[in-house]
Amino acid sequence: MSFFRSKKMKYYSLVIPRESAWVVMDQLGRLGQLHIIDYDPLLPMMNRPFANYVKRCDDALFKLNGINTLLKQFKKNLIYCNDTQKLLDKFRDIQNLRQKPGHTYFDEIELEIENKKNNIQEMSNNLQNLLDRVDSITEQKLVLEKAKEILGKSIFSQSTPHNVNDYQQLKFGQLIGVIDKEDENRFKRIMFRITKGNAWVNIVDLLPEKQHHQIKNQIDLNRVSQPRCLYVIIYPGMNDQSTMKQKLLKVCDSFCKNRIEYPNSEEAMENRLKDLNNQINETQSLIRMTKKQLEISLDELVREKNGCNCSYFEQLRLYVLKEKYLYINLNYLTMQGSIFTGYFWLPDGLEVLVEDKLRQAIQNNIDRFPTGQIQEMKPKSDILPPTYFNLNEVIIPFQEIVNTYGVPRYQEINPGIFTIITFPFLFGVMFADIAHGFLLLLTGLYVIFWKKQLSKQTDSMFNAMIPFRYILTLMGFFAFYNGLIYNDYLSISLNLFGSCYHPKNEEWERTLNCVYPFGIDPVWLASGSSLNFMNSYKMKLSVILGVTHMLFGILLKGVNNLYFRNYLDFFCEFIPQLLFMASTFGWMDFLIILKWLNVYPDKFDPSIIETMINQVLKPMDETSTPVFLNNASFQLQITQVLTIIAVLSIPWMLLPKPLILGSSQKKHKVSFSEPQYQKLVQERQGSELEIDPQQFRKDLQSAASGKSIEQSEVEHESGEIWVHQMIETIEFVLGGISNTASYLRLWALSLAHGQLAEVFYDMCIAGKLDMGGIVGGLMGGYFYIVFALLTFGVLMMMDVMECFLHALRLHWVEFQSKFYKADGYLFVGFSYNQMLSEHLKL
Amino acid sequence: MDLCVFGVDDGYAEAIIRGLRASFLTEAQYQQMKNCASIPELKSFLEETDYQNCLQADNPQIPTSILRQRLKKKLADEFEYIEAQSTGILTKYLFHLRCRFMIDNVVNMIEGLKNKIDIEILLSNIDPLGWFPEIKNIKVLEGDDYSSLYRDVLIDTPIGVYFMKFLEESIENLHENRTLNDIQNLFREMKPEYIRTSLKKMWLEDFYSFCESELMPTSQEALLELLKFEADFKTVQVIYNSIGNRDLNTAAKIITTRKQLCPTIGNLYPDCEKVYLQAMTLDALREAVKGCDNYRDLLKDAPDPLKREEFNVQTKTLDDIMYDDECRRYALSFDGQGSYGVFYAYLKLKEQEIRNIIWLAEMISRKLAKNHPGWKKIIIPFSHLGK
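Residues numbered from 1 in each chain as written. Chains lettered and ligands numbered in written order. Predicted model: local features only at pLDDT ≥ 70, side-chain atom pairs only at ≥ 80, totals over all residues. Heavy atoms only, no water.

The name that an unreviewed UniProt entry assigns to chain B is V-type proton ATPase subunit, with the source organism given as Paramecium sonneborni.

The name given to chain A in an unreviewed UniProt entry is V-type proton ATPase subunit a, and the organism recorded there is Paramecium sonneborni. Among the UniProt annotations of chain A, the heading Sequence similarities (unreviewed entry) holds the following wording: "Belongs to the V-ATPase 116 kDa subunit family." For the record of chain A, the UniProt heading Function (unreviewed entry) holds the text "Essential component of the vacuolar proton pump (V-ATPase), a multimeric enzyme that catalyzes the translocation of protons across the membranes. Required for assembly and activity of the V-ATPase." (UniProt positions renumbered as here; feature names shortened; annotations may be inferred.)

Undergrad: Would you take a moment to explain the interface of chain A and chain B for this structure?
TA: Often, the extent of an interface is quoted as the loss of accessible area on bringing the components together. Every contact between the two is made by 17 residues of chain A and, on the other side, 21 residues of chain B. Each partner contributes to the roughly 1,700 Å² buried at the junction of chain A and chain B, and carbon and sulfur atoms together form 50% of this total. Counting every contact that joins chain A to chain B gives one salt bridge. When the shortest N-O distance is used, the salt bridge between E47(B) and K55(A) registers 3.4 Å. On the surface where chain A and chain B come into contact, there are one residue pair in polar contact (both at pLDDT 80 or more). Residue contributions to the side of chain A that touches chain B peak at six residues, all from helix α9 (residues 243-255) of chain A. Broken down by class, the residue content of the side of chain A that touches chain B amounts to seven nonpolar, one polar and nine charged. (Contact = heavy atoms within 4.5 Å. Buried area = accessible area lost by both parts, 1.4 Å probe. Salt bridge = Lys/Arg side-chain N within 4 Å of Asp/Glu carboxyl O. Polar contact = N/O pair within 3.5 Å; in protein donor to acceptor, adjacent residues only side chain to side chain. Helix = DSSP H or I, 4+ residues; strand = E, 2+ residues; numbered from the N terminus. Nonpolar A, V, L, I, M, F, W, Y, C, P; charged D, E, K, R; others polar.)

Undergrad: What should I look at first to understand the UniProt feature "coiled-coil region" (unreviewed entry) in chain A in this one?
TA: Residues and elements named next belong to chain A. Here, the residues flagged by UniProt with the feature "coiled-coil region" (unreviewed entry) are residues 106-147 and 266-293. Across residues 106-147 one finds 100% helix and 0% strand; the C-alpha atoms that close the span lie 59 Å apart. The span residues 266-293 is 100% helix and 0% strand, and its two end C-alpha atoms sit 41 Å from each other.

Undergrad: What is the right way to read the state of the cysteines from this model?
TA: By definition, a disulfide is the covalent link that joins the sulfur atoms of two cysteine residues. All told, the structure shown has one disulfide over all chains when counted by the stated rule. Paired through a disulfide, C500(A) and C514(A) show a sulfur-sulfur distance of 1.8 Å. Between C500(A) and C514(A), the S-S torsion sits near -60°, and that sign places the bridge as left-handed. With C500(A) in the loop between α18 (469-486) and β10 (501-504) and C514(A) in the loop between β11 (507-510) and α19 (523-526), the pair connects residues that are 14 residues apart, well separated along the chain. No disulfide involves C81(A); its nearest neighbouring cysteine sulfur is the one of C310(A), lying 4.7 Å away. Just so you know, C327(B) is unpaired, no disulfide at all, and the nearest cysteine sulfur is the one on C211(B), 20 Å from it. (Disulfide = S-S within 2.5 Å.)

Undergrad: Hey, could you run me through the UniProt feature "transmembrane region" (unreviewed entry) in chain A in this one?
TA: Residue and element names in this part refer to chain A. In the numbering used here, UniProt assigns the "transmembrane region" (unreviewed entry) feature to residues 416-449, 461-481, 539-557, 578-597, 634-655 and 773-798. Summarising residues 539-557: 100% helix, 0% strand, and an end-to-end C-alpha distance of 27 Å. Annotated as residues 773-798, this span is 100% helix and 0% strand, and its ends, taken at the C-alpha atoms, are 36 Å apart.

Quick look at the structure:
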């Protein structure tokens with residue numbers, strides 16, 4: 001029963017010689033059942049022996065990541081691995097073929113990744129450069145063409161002045177170039193200021209040609225090309241040495257390097273354009289070639305290799321991940337000279353498996369280095385073993401509900417097992433409706449039976465439900481069942497078995513000795529007091545359920561106390577708590593059921609609330625309306641006894657435990673003054689460099705034999721104990737009342753659900769039925785849609801969520817507070833399989 | 001009152017800053033950094049801190065200048081993000097903060113161009129916090145013609161105002177019948193450091209009046225306090241550095257220069273102005289500032305500027321002492337609620353952190369012995385609060 005209580009754990013020490021550390025850890029990782037304990041959690045990762053390897057793995061992953069972005073840009077679809085075990089076997093086969101120490105395979109892989117990355121990087125850089133070149137040439141061409149348009153032909157012929165007298169004004173120089181669009185205004189302003197307005201500046205937007213866009217969009221890796229502008233400045237004076245020209249040149253260059261020499265003659269212009277066109281064509285063919293090459297080397301990564309069922313890229317990535325994981329876990333051990341020592345938890349009975357793996361390690365080891373050794377040890381008293389359950393797919397969501405509140409303490413009763421039924425049941429009580437429950441049930445069943453198909457549709461909403469399919473089904477089933485009990489079908493009662501009442505003279509008459517076989521007689525819906533009747537019924541039902549649930553929780557506490565041999569808690573907490581609960585609210589439940597069973601004469605209807613209150617306020621008076629038919633004195637005797645028990649159990653809860661603890665502590669102080677050897681060992685470990693490993697191992701062995709470990713008793717401060725016990729007692733007594741009241745949410749939510757359903761039904765369907773004819777039909781159709789949408793949105797989505805949350809609360813607070821310690825921690829196995837399956841997809 | 005409405009506009013920006021508080025290196029982390037044996041080790045250590053992303057792509061043997069650039073870039077990115085999230089007054093305020101870095105950049109560019117350093121190198125070394133698009137156009141500068149530089153380029157920039165004021169003031173100070181030649185001479189002799197100090201002084205005064213007139217009372221209270229100290233810090237620095245300065249040979253010249261460079265705000269101004277302008281020795285300076293706050297204690301340990309030969313790495317310089325006190329004030333101000341002081345303090349403290357890292361990187365790359373007093377010369381932000 002490894003689900004009722006967590007698995008038994010054993011504490012082992014692990015000693016591995018340095019040479020075979022990798023092999024041994026590799027084998028243990030395949031086993032995946034070791035919970036390795038960090039030897040020194042305070043030691044920063046950087047200072048650990050294998051920090052360097054972890055870093056190398058990280059670097060390799062970083063490089064792979066870079067390749068991956070390229071793969072994505074080229075729309076290469078990787079084949080992802082889906083069977084980690086098979087992959088691990090493949091890795092082992094590869095290792096066996098190599099005939100070299102296992103850890104060196106990572107060096108090879110690292111080198112390969114490095115090469116591949118450099119190779120691909122270089123090619124993509126080349127491609128990038130070529131594209132840039134095409135861009136700049138095209139830009140030049142564009143600029144020249146545009147400038148030609150702007151300047152016209154006359155610019156070439158201006159060297160002959162029209163008029164000899166004012167030739168200086170007529171000579172113009174020109175500057176042409178490209179700037180970023182965002183600099184446009186600034187450029188204009190600065191030009192104006194420098195030339196004092198004596199230059200003509202024309203700026204035209206450049207629209208890059210469309211033809212390269214196709215390649216560019218695919219490859220352009222990191223830059224967004226900015227819109228650019230062409231500028232043409234015409235300034236007076238052609239002399240190259242003029243200060244204005246120098247200054248203009250400086251400014252233009254400070255904006256951007258792309259200044260273009262404008263040819264002197266038309267012929268030169270033509271030649272230049274032709275030349276540029278040629279260059280473009282050349283570069284483009286180069287681009288095509290580079291791209292092809294790049295694609296070839298990328299395809300190599302996508303293909304399967306070495307018989308693994310995934311892309312080579314994935315194979316590399318997962319191997320590096322595996323290696324990193326191994327080194328991280330190896331870092332949990334500590335180095336003592338030439339050996340690694342560490343501790344781990346192992347589920348009971350798996351020792352044989354581990355030793356088997358260790359033997360395999362020596363067989364697989366090429367150099368036949370000695371393998372690691374394990375030795376069972378007594379754990380240090382201050383650490384609890386981890387909590388480990390064997391879970392299956394049905395249980396996982398329920399265990400998750402429990403773990404969200406807190407992981408069970410080692411070996412304590414796991415509330416998860418009861419949650420499997422109680423959780424859907426309490427949900428069902430709140431969500432009680434035959435139709436809604438049935439829909440939920442259908443949804444759950446659909447996901448269960450179509451699981452295979454659904455798991456392929458990753459974008460389906462049902463795909464997300466797959467892990468929760470069993471909990472959904474159970475919730476639906478219990479909602480359906482409770483709906484039958486409340487006889488509520490979308491706010492209508494179903495007359496399934498024939499009502500026991502029939503109308504007679506405008507009154508309802510009951511058939512003699514008739515009992516409606518299952519659930520509520522549908523006739524109540526027709527009566528005016530249906531709400532009153534249902535409320536009182538549901539309220540009583542929820543209190544009965546609640547008290548039963550809590551009593552069960554208290555009983556579990558007793559079982560836990562017995563299991564851990566904590567008799568003090570058993571006698572001084574469990575028993576008084578049980579008595580208190582049973583003699584107050586248990587008694588109330590009993591009265592409720594008794595009242596249901598009896599038929600009382602008119603005017604002698606007992607009120608249960610009154611009975612409960614009078615039990616305390618008038619403990620000596622016999623009641624005039626006893627719940628026990630005609631037996632008031634008997635009832636009085638019982639109530640008196642129960643009241644006394646309840647009152648007595650409060651000091652019983654409060655006083656004995658701290659008193660006993662206090663006295664035992666005094667005894668303890670007198671008798672126990674031996675030195676604590678355990679601590680000595682720990683101090684040694686702190687200054688590990690100074691002791692030789694031999695001595696250390698002796699220490700460990702003596703520690704293992706259990707002679708020197710003394711239970712280091714937690715020092716109880718007696719004041720603290722008193723305060724703690726007082727809080728506990730007050731919490732329990734007050735909690736008894738408030739928790740019982742809290743279970744009334746079972747009634748409240750089911751009332752809310754019923755009322756909502758009724759409103760939707762009345763407003764959308766019932767009210768429209770009497771409108772006959774075609775219009776009525778159309779309206780009916782329309783309102784049916786409204787009804788369906790409201791039912792789906794409000795009841796099937798929101799109300800499910802609400803009831804779920806309330807059921808969650810009832811479990812976490814009202815039920816689990818009675819017994820559940822929840823201070824354990826989960827078992828984290830050193831397992832390749834688990835780690836890899838978490839990283840299967842990027 | 002302003003505490004109630006502070007969150008309406010500035011809550012988000014402030015919340016981001018508060019979140020960034022977690023990115024400061026702790027004392028333990030500094031301790032570990034000191035233990036690093038080489039630059040690659042330091043880098044891999046920094047990669048485990050908040051600086052991870054800005055360093056990952058670099059070569060392990062990273063030069064300190066690039067390291068500084070990367071760290072500053074990260075700070076600038078964060079600051080830009082906050083600036084983008086801010087509205088109204090806060091945006092203006094944050095922009096004002098950045099002006100200080102712009103001044104530094106402009107002066108650095110001018111200095112570099114004068115020394116004929118290649119513009120590409122200069123551009124790669126500018127502080128990303130003070131980047132503005134016109135900065136590359138400073139290349140236009142010819143000789144020492146600052147006025148045309150101003151006219152052509154800087155006039156559009158945020159710091160144009162300060163530059164104009166600076167030009168006007170320096171020209172006004174010349175004698176009445178000045179000639180064009182005089183002005184050119186004036187600029188030729190002017191040191192970039194002088195330009196920087198005067199520009200910063202103007203910026204500080206301007207910022208001070210901005211805070212005084214625009215901000216809400218809580219922010220004002222926090223900021224004016226900080227700015228006053230900064231102004232005093234500047235004043236003390238100016239006086240201190242001009243003691244025994246050989247370029248300023250006459251007493252009259254010293255006083256006029258001091259008068260130009262010392263901010264006209266702060267706790268020392270105007271009460272102590274007369275006294276400190278006259279101070280010609282360190283003791284006189286100590287005497288001059290004794291009336292204010294704890295300045296006297298601060299100056300107690302400062303080395304005497306007249307005995308410059310005795311300086312070495314061991315002694316704490318005046319700057320170190322002042323930074324230390326500054327850090328304490330900023331850390332306090334960072335923890336203040338509902339004021340803009342937190343942005344200012346964040347910037348300053350991060351600057352200090354970067355200074356620390358760079359200092360340590362220098363120490364490590366020079367392979368100085370671990371008992372060298374220089375290792376102690378870092379000022380850890382927020383370390384003052386614990387004591």
